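Okay, here's what each chain looks like letter by letter:
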Amino acid sequence: MKTLFEPFMMGGHMLRNRIAMAPMTRARNPDGVPNALNALYYSQRAAAGLLITEGTPISDTAEGFLSIPGLYRADQVAGWRKVTDAVHDAGSVIFTQLWHVGRVSHVSNQPGGVAPVSSTARIARNSQAWGLTENGTPGAVDVSKPRALSTDEVRGVIADFAQAAANAVAAGFDGVELHGANGYLIEQFLNPTVNDRTDAYRGDTLEGRTRFVLEAIDAVIARIGAEKTAIRLSPYGGLFDMQPYPEIEDTYLFLADAFSKRGLAYVHLMDQKSRGSVAIPPDFFGRFRARYNGVLILAGGMTRDRAERLIDEGLIDIAAFGEPFIANPDLVERLENNWPLAPADRALHYGGGAHGYTDYPTHSEESIVA
Ligand SMILES: Cc1cc2nc3c(=O)[nH]c(=O)nc-3n(C[C@H](O)[C@H](O)[C@H](O)COP(=O)(O)O)c2cc1C
């Protein structure tokens, strides 16, 4: 029987177990440069076989939240090196998540205060970014109306993904995960209720709406190799005004075929139910699995029991945990020993410093305090 706690070979990497830490934005970098506190945070959680960093902007126009560490400047590459060294010293493998928010952004997040860019000029309804409020203080702000990228500019963004991937490897990352989930730019191309383009990246054909993500993946593969390239997707997801459409399954199964041919490091599916949105229909996993022949990760409301069952049934290879990793730096040990999990203080998820970030105790430290 395959078990959650035994080593697993993912591409060229031997992971110490089948547990991944899901990408989580923590907004602790006001200057956009990764630092020693980030290195401590990730290394505290390095008992996971695979760590995936918080979403990391690929350019200054890719930003939609304040205080996020990027990967498009030399000082950011040098900062991430502290993180990757600390995680490697602690014996784990680390990928970074390459992020372009597209229209989930506010003019205060954009260089020169210009409109954010997207596949469309249509605003995301009922959606907020984290920018500067009217009185100039950081806070939740309604997203701004975007500007549709020209065809040439789309190619420029694809080049930004490839450059950020090369920067990631220069910073010591073992690979990159493109953020194709949660209503951000890649999904703004995939979803035909958003993508109203009429060029080669048009939303009303399968080839058109998948062209952006596949060209971005191919550009990244060309720079750093398929075994270092991965992607996160959230089929059926509803975050940031992603409306359902009849061709959801066809679109994602088409991508499953396309990714199989490319031999990616992994495909990471995210079920948004635990984040307050729509669940992936349970029977979709089997159909996706039948079409995708590589390593499959699933995140969203994971428990030890569920992870073991899904791995045993052969539906996934690696189980990713998000929020449980925040308050349980020793999550792997807690799961293995069936120790109770500590609840995270959600008020401390984003922003601030060490408090609520690197000061959550391990189970044994908790016992000493008690
Ligand atoms: C504080 C916080 C920040 C997150 N930031 C990101 C992110 O940057 N990129 C991403 O793809 N998902 C992000 N997520 C979603 C998680 O990766 C994960 O998929 C989600 O929390 C569901 O898993 P869970 O139920 O184990 O928490 C975030 C979640 C939390 C709680």
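Structural notes, computed from the coordinates. (Residues numbered from 1 in each chain as written. Predicted model: local features only at pLDDT ≥ 70, side-chain atom pairs only at ≥ 80, totals over all residues. Heavy atoms only, no water.)

Looking now at the overall build of the protein chain. In terms of regular secondary structure, the protein chain is built from eleven helices and 14 strands. The globule rule puts the C-alpha radius of gyration for 370 residues at 21 Å, and the 19 Å found for the protein chain is close to it. Considering only C-alpha atoms, the protein chain reaches an extent of 60 × 50 × 35 Å along its principal axes. Out of the 370 residues belonging to the protein chain, those deemed buried represent 58%. Long-range pairs, those at least 24 residues apart, make up 73% of the contacts in the protein chain between residues at least 6 apart in sequence. For the protein chain, the accessible area works out to roughly 14000 Å², and carbon and sulfur atoms hold 54% of it. (Helix = DSSP H or I, 4+ residues; strand = E, 2+ residues; numbered from the N terminus. Rg over C-alpha atoms; globule rule 2.2 N^0.38 Å. Buried < 20%, exposed > 50% of the residue type's maximum accessible area, 1.4 Å probe, protein only. Contact = heavy atoms within 4.5 Å. Areas by Shrake-Rupley, 256 points an atom, 1.4 Å probe, with all protein chains shown as cover.)

Within the secondary structure, His13 sits in strand S2 (residues 13-15). Judged by relative accessible area, His13 falls into the buried class, the value being 18%.

This next bit is on the nonpolar core. One finds Phe161, Leu178, Phe212, Phe259 and Val267 to be the most contacted residues of the largest nonpolar core, which totals 84 residues. Among the elements that line this core, the one with the most residues is helix H5 (residues 206-224), at eight residues. In contact with Phe161, not counting residues within four places along its chain, are Ile58, Leu98, His100, Leu178, Ile186, Phe212, Ala216 and Val220. Counting 17 residues, the second-largest nonpolar core is a separate cluster that includes Leu15, Ala22, Ala265 and Ile297. (Core = buried A, V, L, I, M, F, W, Y, C linked by side-chain atoms within 4.5 Å.)

Glancing now at unusual backbone geometry. Phi at Ala27 takes a positive value of approximately 50°, unusual for a residue other than glycine. The class for Ala27 is buried, based on a relative accessible area of 10%. One non-glycine residue, Asp241, lies in positive phi territory at about 65°. Tracing the chain through its elements places Asp241 in the loop between strand S11 (229-233) and helix H6 (248-262).

Moving on, we come to the packing of H5 against H6. The interhelical angle for the contact between H5 and H6, taken along N-to-C directions, is 25°, at an axis separation of 11 Å. As the angle between them shows, H5 and H6 are arranged roughly parallel. In this structure, H5 crosses over H6, and the sense of that crossing is right-handed. Contacts from Leu206, Glu207, Arg209, Thr210, Val213, Leu214, Ile217, Asp218 and Ile221 in H5 reach Asp250, Thr251, Phe254, Leu255, Ala258, Phe259 and Arg262 in H6. For the contact of H5 with H6, the class distribution of residues is nine nonpolar, two polar and five charged. (Axes fitted to C-alpha atoms, helices over the stretch in contact; angles between N-to-C directions. Parallel < 35°, antiparallel > 145°, perpendicular 65-115°, else oblique. Left-handed = near helix turned anticlockwise from the far one by under 90°. Nonpolar A, V, L, I, M, F, W, Y, C, P; charged D, E, K, R; others polar.)

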